[in-house]
Amino acid sequence: MMDSDVNLAGEKMKDVKTLLLTGASRGIGHSTVKHFNAAGWRVITASRQEWSKEGECPWSEGEDNHIDLDLSDINGIEHSIAAIKAKLPNGKLHALVNNAAISPKGPGGSRVGVLDTDYDTWLNVFNVNLFSTALLAKGLFEELRQSRGSILNVTSIVGTRVHPFAGAAYACSKAALSALTRELAAEFGPHGIRVNSIAPGEIATSILSPGTDALVESEVPMKRLGKPEEVASLIYFLCSNGASYINGTEVQVNGGQHV
């Protein structure tokens, strides 16, 4: 390869936007990876699972662009942030999408309320769903500032209403994530970093609870489940230049279920 070819490849890398996505292996995260990849973005995925366990996805360099990151291990996040920074070209991150979350279930996938939730479970849920999000935003602040990038947090309809399937710890963590979105938008906005969130309702993924069909029929005006790609396209828009003046907003994605 001639020097001119190397220089041209380097220039092209400068133009490529980079996304860091947590929770990429299935559902909304899986569709988000495909959407951004199709738009020419470089996607770095982060999860506690090794790449070989992430499933089949049609994007290139997946293993090279994967970070082993256990969001429940708060002490290990600092080390993971260093590994993420090492993968960022020119020290720029254009979008951070916090999609990973855990939702404890009881026997048979039943809802877990306050009476059945111990402290360790509360702490684990908040570490994954909330605290790690704040630490990633803090640790990658400079890389986001350099690109005037954006942060997108995936909250939930359960952050504003009691849900028959989502438990207390999960619901409280998502309500807190909505508040964190507002705080980050106010604090990071002056530095050119936009922070928004989306609140999905009933989306057609592999983790739907029994009884979802009846819930959709009775509570969703559109009378159908949402599609993961519908959510992914909204995430992409909110991370794009088309949303350049949208900051501190939470968008409901539930077919009207919240009304």
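Cut-offs used in this document
- Residues numbered from 1 in each chain as written.
- Predicted model: local features only at pLDDT ≥ 70, side-chain atom pairs only at ≥ 80, totals over all residues.
- Heavy atoms only, no water.
- UniProt positions renumbered as here; feature names shortened; annotations may be inferred.
- Helix = DSSP H or I, 4+ residues; strand = E, 2+ residues; numbered from the N terminus.
- Buried < 20%, exposed > 50% of the residue type's maximum accessible area, 1.4 Å probe, protein only.
- Contact = heavy atoms within 4.5 Å.
- Areas by Shrake-Rupley, 256 points an atom, 1.4 Å probe, with all protein chains shown as cover.
- 1 Å grid on protein atoms, 1.4 Å probe; cavity = no way out; pocket = protein on both sides within 12 Å on 5 of 7 lines; lining within 4 Å.
- Points joined across faces, edges and corners; volume = space filled by probe spheres on them.
- Nonpolar A, V, L, I, M, F, W, Y, C, P; charged D, E, K, R; others polar.
- Arc of directions from axis to C-beta.
- Axes fitted to C-alpha atoms, helices over the stretch in contact; angles between N-to-C directions.
- Parallel < 35°, antiparallel > 145°, perpendicular 65-115°, else oblique.
- Left-handed = near helix turned anticlockwise from the far one by under 90°.
- Bend = angle between axes of the 7 residues up to and from the residue.
- Pairing = 2+ DSSP bridges.
- Patch = residues over 30% accessible without salt bridge, like charges linked within 9 Å, V, L, I, M, F, W, Y side chains within 5 Å.
- Salt bridge = Lys/Arg side-chain N within 4 Å of Asp/Glu carboxyl O.

- An unreviewed UniProt entry annotates the protein chain as 3-oxoacyl-[acyl-carrier-protein] reductase FabG of Marinomonas spartinae.
- You can read under Sequence similarities (unreviewed entry) in the UniProt record for the protein chain the words "Belongs to the short-chain dehydrogenases/reductases (SDR) family."

## Examining the overall build of the protein chain
Turning to step 1, where the next piece is worked out: The helix and strand tally for the protein chain stands at eight helices and seven strands.
Turning to step 2, where the next piece is worked out: Each of the 259 residues in the protein chain was classed as buried or not, and the buried ones make up 46%.
Turning to step 3, where the next piece is worked out: A separation of at least 24 residues holds for 73% of the contacts in the protein chain among residues at least 6 apart in sequence.
Turning to step 4, where the next piece is worked out: In the structure as shown, the protein chain presents an accessible area of about 12900 Å², 52% of it carried by carbon and sulfur atoms.

## A closer look at empty space enclosed by the protein
Turning to step 1, where the next piece is worked out: What the rule picks out here adds up to one cavity of 30 Å³ or more.
Turning to step 2, where the next piece is worked out: The space that makes up the largest cavity amounts to roughly 30 Å³.
Turning to step 3, where the next piece is worked out: Lining the largest cavity, in full, are Pro104, Val112, Thr117, Thr121, Gly167, Ala168, Ala169 and Tyr170.
Turning to step 4, where the next piece is worked out: Per-element accounting of the lining of the largest cavity gives the leading share, three residues, to helix α6 (residues 168–188).
Turning to step 5, where the next piece is worked out: Of the residues in the lining of the largest cavity, the class split is five nonpolar, three polar and no charged.

## Topic: helix α7 (residues 212–219)
Turning to step 1, where the next piece is worked out: The set of residues buried in α7 consists of Thr212, Leu215 and Val216. One side of α7 carries all its buried residues, which in axial view fall inside an arc of 100 degrees. For α7, exposure combined with an orientation more than 90 degrees from the buried face picks out Asp213, Ala214 and Ser218.

## Section: the packing of helix α2 (residues 27–38) against helix α8 (residues 228–238)
Turning to step 1, where the next piece is worked out: In the contact formed by α2 and α8, the axes pass within 8 Å of each other and the chain directions differ by 55 degrees. Taken together, the axes of α2 and α8 are oblique relative to one another. The handedness of the crossing between α2 and α8 comes out as right-handed. Residues Gly27, Ile28, Ser31, Thr32, His35 and Phe36 of α2 lie in contact with α8, whose contacting residues are Pro228, Glu229, Val231, Ala232, Ser233, Ile235 and Tyr236.
Turning to step 2, where the next piece is worked out: Tallied by class, the residues present in the contact of α2 with α8 amount to seven nonpolar, five polar and one charged.

## As for the layout of surface pockets
Turning to step 1, where the next piece is worked out: Roughly 1300 Å³ of volume is contained in the largest pocket.
Turning to step 2, where the next piece is worked out: Arg26, Ala101, Ile102, Tyr170 and Ile207 are the residues nearest the centre of the largest pocket, which is lined by 42 residues in total.
Turning to step 3, where the next piece is worked out: Those elements that place two or more of their residues in the lining of the largest pocket are α2, β2 (42–47), α4 (119–139) and α6.
Turning to step 4, where the next piece is worked out: Partitioned by chemical class, the residues of the lining of the largest pocket number 19 nonpolar, 16 polar and seven charged.
Turning to step 5, where the next piece is worked out: Volume-wise, the second largest pocket comes out at about 200 Å³.
Turning to step 6, where the next piece is worked out: What lines the second largest pocket is a set of 13 residues, and nearest its centre among them are Arg148, Gly149, Arg194, Cys239 and Asn241.

## Structural notes on the packing of helix α3 (residues 74–86) against α4
Turning to step 1, where the next piece is worked out: Interaxial distance between α3 and α4 falls to 10 Å at its minimum, and their mutual angle equals 45 degrees. Classed by the angle they form, the pair α3 and α4 counts as oblique. Seen from above, α3 lies across α4 with right-handed handedness. For the pair α3 and α4, contact is made by Ile74, Ile77, Ile81, Ile84 and Lys85 and by Asn127, Phe131, Ser132, Leu135, Leu136 and Gly139, respectively.
Turning to step 2, where the next piece is worked out: Considered class by class, the residues forming the contact of α3 with α4 number seven nonpolar, three polar and one charged.

## Observations regarding α4
Turning to step 1, where the next piece is worked out: By the largest-angle criterion, Asn127 marks the main kink of α4, which is about 50 degrees.
Turning to step 2, where the next piece is worked out: Along α4, the positions that sit buried rather than exposed are Val125, Phe126, Asn127, Val128, Asn129, Leu130, Ser132, Thr133, Leu136, Ala137 and Gly139.
Turning to step 3, where the next piece is worked out: Contacts made by the buried residues of α4 are with β1 (18–22), α3, β4 (95–98), α5 (141–147), β5 (150–154) and α6.

## Description of the sheet that holds β1
Consider a sheet: its strands pair through backbone hydrogen bonds, and that pairing is either parallel or antiparallel.
Turning to step 1, where the next piece is worked out: Spatial ordering of the open sheet is given by β3-β2-β1-β4-β5-β6-β7, a layout of seven strands whose pairing is parallel. Every other strand in the sheet has two partners, leaving β3 (66–68) and β7 (250–253) as the edge strands with one partner each. Each strand axis lies, on average, 15 degrees off the axis of its neighbour in the sheet, ignoring direction.
Turning to step 2, where the next piece is worked out: Where β2 and β3 come together, three bridges link them in parallel fashion. Paired with Ala46 across the two strands is Ile67, which belongs to β3.
Turning to step 3, where the next piece is worked out: Sheet strands touched by α2: β1, β2 and β6 (194–200). Its angle to β1, the strand with the most contacts, is close to 170 degrees.

## Looking at a nonpolar patch on the surface
Turning to step 1, where the next piece is worked out: A surface patch of nonpolar side chains, amounting to about 310 Å² of accessible area, comprises Tyr119, Leu123 and Phe131.
Turning to step 2, where the next piece is worked out: By secondary structure assignment, the location of Phe131 is in helix α4.

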